[in-house]
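Observations on the model geometry
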Amino acid sequence: MYVIKDSCISCGACEAECPVGAISAGDGIYVISSECIDCGACANVCPVDAPQAE
Ligand code: SF4
Ligand code: SF4
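Below is a summary of the structure that appears in this document.

Rules of the game
- Residues numbered from 1 in each chain as written.
- Chains lettered and ligands numbered in written order.
- Predicted model: local features only at pLDDT ≥ 70, side-chain atom pairs only at ≥ 80, totals over all residues.
- Heavy atoms only, no water.
- Near = heavy atom within 4 Å.
- Nonpolar A, V, L, I, M, F, W, Y, C, P; charged D, E, K, R; others polar.
- Core = buried A, V, L, I, M, F, W, Y, C linked by side-chain atoms within 4.5 Å.
- Buried < 20%, exposed > 50% of the residue type's maximum accessible area, 1.4 Å probe, protein only.
- Helix = DSSP H or I, 4+ residues; strand = E, 2+ residues; numbered from the N terminus.
- Contact = heavy atoms within 4.5 Å.
- Salt bridge = Lys/Arg side-chain N within 4 Å of Asp/Glu carboxyl O.

Our focus in this paragraph is the site of ligand 2. Close to ligand 2 lie 14 residues, the nearest being Cys-8, Cys-11, Gly-12, Cys-14 and Cys-46. Taken together, the residues that form the shell around ligand 2 break down as 12 nonpolar, two polar and no charged.

Quick look at the structure:
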């Protein structure tokens, strides 16, 4: 599963890219839920490489 790191600038670009709706705005940074299927789409659009595979 992917996790969004503290480097997230809350631009929101990743949210629309997630095929399973696992990304939402959190407290200061965006967050990924356990529904993540590891597709990597969020990481591909993030300007600061905040989503990382764990
Ligand atoms: Fe969504 Fe894919 Fe990112 Fe997981 S890796 S949060 S499924 S876009
Ligand atoms: Fe944060 Fe990157 Fe998603 Fe933008 S695309 S909200 S910087 S994780």
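Next, the rest of the story.
Of all hydrophobic cores here, the largest spans 14 residues; its most connected members are Ile-4, Cys-8, Cys-14, Ile-23, Tyr-30, Ile-32 and Cys-42. Mapped onto this core, the elements with two or more residues apiece are strand 1 (2-4) and strand 3 (30-32). Among all residues touching Ile-4, those that are not within four sequence positions of it are Cys-14, Ile-23, Ile-29, Tyr-30, Val-31, Ile-32, Ala-50 and Pro-51.

Before going further, it helps to examine the environment of Ala-22. The residue Ala-22 is located in the loop between strand 1 and strand 2 (23-25) in this model. Note on Ala-22: relative accessible area 4%, which makes it buried. Here the alpha-carbon distance between Ala-22 and Cys-36, two residues 14 residues apart in the chain, equals 5.7 Å. Leave out the neighbours within four places in its chain, and Ala-22 touches Val-31, Ile-32, Ser-33, Glu-35 and Cys-36.

Pairing between side chains becomes possible if they bear opposite charge and their charged atoms approach one another. If you walk through the whole model with that rule in mind, you get one salt bridge. Across the pair Glu-54 and Lys-5 runs a salt bridge, and its minimum N-O distance is 2.7 Å. Highlighted residues: Glu-54 in the segment after strand 4 (51-53) and Lys-5 in the loop between strand 1 and strand 2, separated in sequence by 49 residues.

Another point: unusual backbone geometry. Not every positive phi belongs to a glycine, and Asp-38 is a case in point at roughly 60°. Position of Asp-38 among the secondary structure elements: in the loop between strand 3 and helix 1 (41-45). For Asp-49, which is not a glycine, the phi torsion comes out positive at approximately 55°. Counting through the fold element by element, Asp-49 comes out in the loop between helix 1 and strand 4.

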